[in-house]
Every structure is written in structure tokens, then in C-alpha cells.
Amino acid sequence: MWNVELTGEFIAFFVFAVMIITGAVMMLSLTQVVHMVLSLLAAFIGMAGMFVLLQAEFLAFVQVLIYAGAVTILMIFGIMMTNHQGEGAEFPRAWHEGLAAVGALALFGLLFYAIRQADFSQVTAYAPAEDNTLAIGKLLFTGYVVPFELVSVLLTVAFIGAIVLAKKEAD
Amino acid sequence: MLASYLTMAAILFCIGLYGALTKRNAVIVLLSIELMLNAANLNLVAFSKYGLAPSLKGQIFSLFSITVGAAEAAVGIAVLIALFRARGSVNVDDYDEMRR
């Protein structure tokens, strides 16, 4: 497995992986909250690049639009509306953080072992659609109409609920 | 190649888990949860290309999960703003009503 040949896909994968992991680790190590959100922005954009590598162009577009655009801006608004001083290091919770790190590393070890053990042999090769967006649109409005409408209702309800929750009480 | 994508998603999920468990600012905890959702999406899309029976269904599924993630972020921020108005803090250590 480790003797991968240097194809273009692997090099692009490596670049995007470095971008994503750098962004995520910077999120853990920075102290200013706004800087953390901006470093996660890099991770989200790298993820969009990975979607392009996986021939999911429409999803890459949606990823930039929703995660890199909407969610990041929403979080920055959330920071601005609450107090935005950095992570106050009043008392270092060494025990808590150590246990969390051990747990996360153990989970990663388990997942890594499972991925190494599994046999991912492909029966049929992937035949990408000529126009990814067209194919997804057709599938979404024929086979998945009911979930699509349900998720639009869910989104409307969630956003109205968010407005009601966040608006100031009239007093 | 599939194993590399799955390992990448596992790394991202574990970083998100660590962030969600250790960060004190509630906004960053929400953002870490978004990171974990994103790792799951990467798995779905990777299986839609390299899986046993590749098809577009994985991409459709991750489209729905992105939608639910966006709704979750909006409601989470709204709850956080209401909580900040009531308690004057976004530090998750201050929300310990249930523990007293």
C-alpha cells in the first residue's frame, strides 16, 4: 500500500490533504477565535478540492457555497454577537485534555486498523456522468423527490426556528 | 486510493472530536461538529467513486447531509445567542446547571 505510484491524482490528493490537516490543526492550536474560524475555512476549501478529485463537481461547488460561505460567515456573526476575547486560559484542564487526546487517538487507531484490514475490491468501475450537475439534478427530481421536499421543509422550519430563537424578546 | 481518502476522513473526524471535547468557546465546539460532519461527507463521496458498486447515490446522500448540517449550524448559533443573552457567557464550562 505504501509504494503508491506518483500519479497526478495522488499529488493533488497530497496537496489538498496537507491543506486540510494544516487548517484543522491550526484550529486546535490558535488562540484567537476568529483565527480559528479562518483556519477552518482553509480546511473546508481543501475539502472542496478533494470533491473535485472524486469527480463530484457539483458537491464541490455546494461545499464552497455552504461551508466555506454560509457556515463560516454564520460562525463569524456568532462570534461578533457574543463576546469575542480569546480562549481564556484560567486553569489548564490537563487531565481533561489528555483524556480527550487519548480517546481521539484510540478512535483513530481503531478506524485505521479497520481501513487497513478491509478489502475494497471494486466489482464495477465508476463511470462518471458526462455532466455531473445534470445527472444529480435528474436523480434528485425523479428518484429522490420525497426526501428532497422533506429536506426543504426541514430547512424552512429550522431557519424560522433560528430567527425566533435569536430575536430579542419584546419587553 | 480509497484507503487514503478513508484515512484522511478518519484523521479529520478525530481532530473534530478532540476539538469538540476540549475547546471552551461554544462557537468553536459547533465548528468542530461541522468538521466531523464534513469528514463523514468525504467518506460518502469517496465510496460513491471507489465503492463496491459506485453510483451517484453517495453524492445525493451527502448533499442531504450538507443541508442538515447547515440547518444544524443555524439553529446552534441561534441557541448560542439566546444562551449568551441569558447567561452572558459563551464558555461551555459555565453551562453546568445540570451538574449542581
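Residues numbered from 1 in each chain as written. Chains lettered and ligands numbered in written order. Predicted model: local features only at pLDDT ≥ 70, side-chain atom pairs only at ≥ 80, totals over all residues. Heavy atoms only, no water.

- An unreviewed UniProt entry lists chain B under the name NADH-quinone oxidoreductase subunit K, with Paenibacillus phyllosphaerae given as the organism.
- UniProt, in the comment section headed Subunit (unreviewed entry), describes chain B in these words: "NDH-1 is composed of 14 different subunits. Subunits NuoA, H, J, K, L, M, N constitute the membrane sector of the complex."
- Quoted verbatim from the Catalytic activity (unreviewed entry) field of UniProt, the annotation for chain B is "a quinone + NADH + 5 H(+)(in) = a quinol + NAD(+) + 4 H(+)(out)". (UniProt positions renumbered as here; feature names shortened; annotations may be inferred.)

- Looking at an unreviewed UniProt entry, one finds chain A named NADH-quinone oxidoreductase subunit J, with Paenibacillus phyllosphaerae as its source organism.
- If you open the UniProt record of chain A and go to Sequence similarities (unreviewed entry), you find "Belongs to the complex I subunit 6 family."
- Recorded in UniProt for chain A, the comment headed Function (unreviewed entry) runs: "NDH-1 shuttles electrons from NADH, via FMN and iron-sulfur (Fe-S) centers, to quinones in the respiratory chain. Couples the redox reaction to proton translocation (for every two electrons transferred, four hydrogen ions are translocated across the cytoplasmic membrane), and thus conserves the redox energy in a proton gradient."

1. Digging into the overall build of chain B
- Tallying secondary structure elements over chain B gives three helices and zero strands in all.
- For chain B, the succession of helices and strands along the chain, N to C, is α-α-α.
- Relative to the globule expectation of 13 Å for 100 residues, the C-alpha radius of gyration of chain B, 17 Å, shows a markedly less compact shape.
- Overall size of chain B, expressed as C-alpha extent along the three principal axes, is 50 × 25 × 20 Å.
- A buried classification covers 64% of the 100 residues belonging to chain B.
- Restricting the contact set of chain B to residue pairs at least 6 apart, pairs at least 24 apart contribute 58%.
- Each charge class in chain B can be summarised by its mean position, and for the 8 positive and 6 negative side chains these summaries are 7 Å apart. (Helix = DSSP H or I, 4+ residues; strand = E, 2+ residues; numbered from the N terminus. Rg over C-alpha atoms; globule rule 2.2 N^0.38 Å. Buried < 20%, exposed > 50% of the residue type's maximum accessible area, 1.4 Å probe, protein only. Contact = heavy atoms within 4.5 Å. Lys, Arg positive; Asp, Glu negative; His and termini not counted. Charge placed at Lys NZ, Arg CZ, Asp CG, Glu CD.)

2. Notes on the packing of aromatic side chains
- Applying the stated criterion across every chain yields a total of six aromatic pairs over all chains.
- An angle of 75° between the planes, with centres 4.8 Å apart, marks the rings of Phe13(A) and Tyr5(B) as edge-to-face. Placement of Phe13(A) in helix H1 (residues 8–29) and of Tyr5(B) in helix H1 (residues 2–22) is noted, with the two residues assigned to different chains.
- The interplanar angle of 65° and the centroid separation of 4.9 Å between the aromatic rings of Phe141(A) and Phe148(A) together place this pair among those described as edge-to-face.
- An aromatic cluster of at least three residues, connected via ring pairs, comprises Phe10(A), Phe13(A), Tyr5(B) and Tyr50(B). (Phe/Tyr/Trp six-rings, centres within 6.5 Å; stacked < 30°, edge-to-face > 60°.)

3. A closer look at the domain arrangement of chain A
- According to the domain assignment, chain A consists of domain 1 (1–84) and domain 2 (130–171).
- Distance between the C-alpha centres of domain 1 of chain A and domain 2 of chain A: 23 Å. (Domains from an automatic or database assignment.)

4. Here we look at the UniProt feature "transmembrane region" (unreviewed entry) in chain B
All names here are of chain B.
- When the UniProt feature table is mapped to this numbering, "transmembrane region" (unreviewed entry) covers residues 6–21, 28–48 and 60–84.
- Secondary structure content for residues 28–48 is 100% helix and 0% strand, while the C-alpha to C-alpha distance between its ends is 30 Å.
- The distance from the first to the last C-alpha atom of residues 60–84 is 36 Å, and the span holds 100% helix and 0% strand.

5. Looking at the pattern of salt bridges
All names here are of chain B.
- For the structure shown, the criterion picks out one salt bridge over all chains.
- The partner of Arg-24 in a salt bridge is Asp-93, and the shortest N-O contact between them spans 3.3 Å. Note that Arg-24 is positioned in the loop between H1 and helix H2 (26–50) and Asp-93 in the segment after helix H3 (57–87), a separation of 69 residues in sequence.
- The class for Arg-24 is buried, based on a relative accessible area of 9%. (Salt bridge = Lys/Arg side-chain N within 4 Å of Asp/Glu carboxyl O.)

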